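As a plain string of letters, each chain reads:
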Amino acid sequence: MAALEKLSMHIDGDAAAPASGDYFESFNPYTGKPWALVPRGGAADVDRAVAAAKRAFEGGDWPALNATGRGHLLRRLGDLVAENADRLAEIEVRDNGKLIAEMGLQLRYAPQWYHYFGGLADKVEGAVLPIDKADTFTYTLNEPLGVCAMIIPWNSPLLLLAWKLAPALAAGNTVVVKPSEFTSASALAFADLVAEAGFPKGVVNVVTGFGAEAGEKLVAHPDVARIAFTGGTASGTRVYQNAAAGLKKVSLELGGKSPNIVFADCHMENAVKGAISGIFAATGQTCIAGSRLLVQESIHNEFVDRLVAFAKTAKMGDPMSPDTQVGPVTTQPQYEKILGYLDVARADGAECVLGGAKAERPECGDGWFVEPTVYTGVDNKMRIAQEEVFGPVLSVIPFRDDDEAVAIANDIVYGLAAGVWTTDISRAIEIPKRIRAGTVWVNTYRAVSYVAPFGGYKRSGLGRESGQQAIRDWMQTKTVWISTATETPNPFVMR
Ligand code: NDP
C-alpha cells in the first residue's frame with residue numbers, strides 16, 4: 001500500500017508539525033480506507049496559532065493596510081480559489097465523499113464571497129452624529145474585533161469557511177481556523193492560496209485536530225474575541241457555553257429539520273424534483289435538508305408514487321464520477337448514526353416505501369452508502385420527524401390545509417429553512433410570512449448566495465452569514481467625542 005500523505009498545519013505563515021508529534025488518519029468515504037495523515041493539534045499548537053494571529057492583528061503589515069488594500073487581497077484570493085477550484089474540489093471529495101459535481105460547483109462559486117466582501121471592505125462607513133450637545137463633535141468608527149476562531153464542519157468545508165472568512169478579513173480581523181477532523185486537507189491546501197495571494201503571515205492560521213481538544217482550546221483561548229461555528233446543535237451548544245465564560249461574540253449555524261411543503265396546486269413535476277433535491281442531494285448531509293416533506297392529502301399518494309419512482313433512478317457510486325447522483329456518507333460515525341435512525345423509524349411505526357437499509361450495490365464497493373429512503377405514515381411527533389438525521393432519509397407527513405401545514409412546519413425546535421411548492425400567488429406570499437425559519441424558498445430549494453443573509457431561527461443558530469450586514473458582525477463600533485469648548489463645565493454632573 002502506498003504511504004499516506006502527511007499533512008502540515010499552517011501557523012504564522014509556515015507549515016507546522018503538531019507539538020505532540022501525533023497524527024491521525026483521514027479516510028476516503030468511498031473506499032473506506034485512509035489516504036492522509038493529519039496533524040493532531042492540541043493546546044500548544046492553538047497557543048502558537050492564536051499568538052501569531054494576535055501579533056498580526058496588533059502590528060506589522062496587516063493593520064497598516066487600509067480597507068481598500070484588504071479588498072485587493074481578498075479579490076486576489078477569490079481569483080486563486082477560482083483557478084484552483086477543480087483541485088480543491090477533488091481534495092474535498094476524497095475526504096468527504098460528496099459528489100464532484102456538487103463540490104466542483106461549490107468551489108467555483110465560493111470565490112464570489114471573496115470578491116463580494118473584498119468589494120465591500122472599503123464601503124463600511126462610520127457616521128458623524130447629529131449630537132444634541134453644544135461644542136461637541138461626535139463620530140463613530142467601525143473597527144475589527146481581533147483574533148477570530150472559525151470552526152467548520154465536514155459537509156461543505158471551504159464554502160462554509162468562505163462565508164466566515166471573507167467578511168472577517170474584509171473587516172480587518174485575523175483568524176485561526178479549525179477544520180473538522182474528518183476533512184482537514186482542503187483547509188490546509190486553501191491556506192497555501194492565502195499566502196500566495198499576499199496576506200501577511202499570521203493573518204490566517206489553520207490548526208487541525210479534534211473538536212474536543214484543539215476546538216475546545218481555541219474557543220476558550222483568552223485572546224480569541226469571536227467564534228464562528230457551523231456544525232451540529234450539540235457541539236454548537238457546547239461551543240456557546242465555553243464562549244460564554246470569556247463573554248465572546250459567537251455566531252452559530254446549526255442543525256435543521258426543514259419542512260418542504262407541497263400544496264395540491266403545485267407544479268407537480270417541479271415539486272418532485274424539489275423534494276428530491278431537498279433530501280437526496282448531498283446524500284442528505286446538509287443543514288438545509290428538506291427532511292420533512294409535508295404533502296397535501298389530496299395529492300399525497302400520487303406525489304409519493306412519483307417521488308419514489310424518480311428516486312429509484314438515482315445513480316449511486318463513485319463520487320468522483322460526474323454522473324453519480326447519490327454518494328457515500330462522509331464519516332463512519334455519521335453512517336452508523338443514519339443506520340440507527342432507520343431502526344428509530346421502524347420503532348416509530350413509519351412505513352418504509354423506499355430504501356430503509358445500507359446500500360449493498362456493487363457500484364458502492366466498501367463505501368459507507370445508505371439507500372435513498374422514504375417513510376410515509378409519519379406523524380410529526382415521531383422521533384424520525386423531530387430529530388436531525390443528516391442523511392438520505394425522508395419523512396412524508398400529510399396535511400389538510402394551510403393552517404395545518406404551517407402548524408406542522410413550525411412544530412419543531414429547529415428553524416433553518418423551509419420550502420413551499422404552490423402556483424397560487426397569495427399562498428406564495430403568505431405562507432413564508434408564517435414559517436419560523438431563516439430562509440424560505442418558494443418553488444425552488446437549496447439556493448444560497450453571497451448577497452442573501454443565511455442563518456437560523458430557534459435552535460438552528462444565532463446570527464446571519466452573507467449579505468451586506470454580515471461584515472458588521474465582524475466589527476465593533478467605537479464612538480469618539482471631541483469637545484471644542486474652551487471651558488470644562490461642572491465636573492460633578494453628567495455631560
Ligand atoms: P460537530 O458539530 O461535532 O462538528 C462540527 C465542527 O465542530 C467540527 O470541526 C468539529 O471538530 C468541531 N467541534 C466539535 N465539538 C467541538 C467543541 N466542543 N468545541 C469546538 N469545536 C468542536 O459535527 P459532527 O461531525 O459530530 O456531526 C454531528 C451532527 O452534527 C451531524 O449528524 C449533523 O446532524 C450535524 N452537522 C451539521 C452541520 C451543519 O452544516 N449545520 C455540519 C456537520 C454536522 P471535529 O470534527 O474534530 O470533532
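Rules used throughout
Residues numbered from 1 in each chain as written. Predicted model: local features only at pLDDT ≥ 70, side-chain atom pairs only at ≥ 80, totals over all residues. Heavy atoms only, no water. Pairing = 2+ DSSP bridges. Helix = DSSP H or I, 4+ residues; strand = E, 2+ residues; numbered from the N terminus. Contact = heavy atoms within 4.5 Å. Axes fitted to C-alpha atoms, helices over the stretch in contact; angles between N-to-C directions. Patch = residues over 30% accessible without salt bridge, like charges linked within 9 Å, V, L, I, M, F, W, Y side chains within 5 Å. Areas by Shrake-Rupley, 256 points an atom, 1.4 Å probe, with all protein chains shown as cover. Salt bridge = Lys/Arg side-chain N within 4 Å of Asp/Glu carboxyl O. Buried < 20%, exposed > 50% of the residue type's maximum accessible area, 1.4 Å probe, protein only. Lys, Arg positive; Asp, Glu negative; His and termini not counted. Polar contact = N/O pair within 3.5 Å; in protein donor to acceptor, adjacent residues only side chain to side chain. Expected span 1.5 Å × (residues − 1). Near = heavy atom within 4 Å. Nonpolar A, V, L, I, M, F, W, Y, C, P; charged D, E, K, R; others polar.

### Some words on the sheet that holds strand E4 (residues 23-28)
Then, number 1: Strands sit in the order E1-E5-E4 across an open sheet of three strands; the sheet is mixed. Edge strands, defined here as strands with exactly one partner in the open sheet, are strand E1 (5-6) and E4.
Then, number 2: In the sheet, E1 pairs with strand E5 (residues 33-39) via two bridges, with the strands oriented parallel. From the neighbouring strand, Lys6 faces E5, where its bridge partner is Leu37.
Then, number 3: Sitting on the sheet, helix H4 (residues 85-96) touches E4 and E5, and the angle it makes with E4 is about 95°.

### Examining a nonpolar patch on the surface
Then, number 1: A grouping of Val128, Phe137 and Ile482 is seen on the molecular surface, where their side chains present a nonpolar patch of about 260 Å² in accessible area.
Then, number 2: For Phe137, a relative accessible area of 39% translates into the label partly exposed.

### Overview of the side chain of Lys248
Then, number 1: Along the polypeptide, Lys248 turns up in the loop between helix H10 (233-245) and strand E11 (249-253).
Then, number 2: The buried charged residue Lys248 lacks any salt bridge, with Asp223 as its nearest oppositely charged partner at 8.3 Å.
Then, number 3: Polar side-chain contacts of Lys248 include one of 2.8 Å to the backbone oxygen of Val219.
Then, number 4: For Lys248, the contacting residues outside a window of four places in its chain are Val219, Ala220, His221, Pro222, Val224, Ala225, Ile227 and Ala243.

### Some thoughts on H10
Then, number 1: Look at H10: 19 Å from first C-alpha to last across 13 residues, which is about the 18 Å you get at 1.5 Å a residue.
Then, number 2: As for H10, its buried residues are in contact with helix H9 (211-220), strand E10 (224-230), E11 and strand E17 (414-415).
Then, number 3: Looking at the residues trailing H10, positive phi occurs at Leu247, about 50°.

### Let's talk about the site of the ligand
Then, number 1: Neighbouring residues of the ligand: 28 residues in total, closest Trp154, Gly232, Ser235, Gln334 and Lys337.
Then, number 2: Measuring from an oxygen atom of the ligand, one finds a side-chain N or O atom of Lys178 at 2.9 Å.
Then, number 3: Across the complex, the protein chains shield 89% of the 850 Å² of accessible surface that the ligand would expose by itself.
Then, number 4: Looking at the shell around the ligand, the elements with two or more residues in it are H9, E10, H10 and helix H13 (332-348).
Then, number 5: Grouping the amino acids of the shell around the ligand by side-chain chemistry returns eleven nonpolar, ten polar and seven charged.

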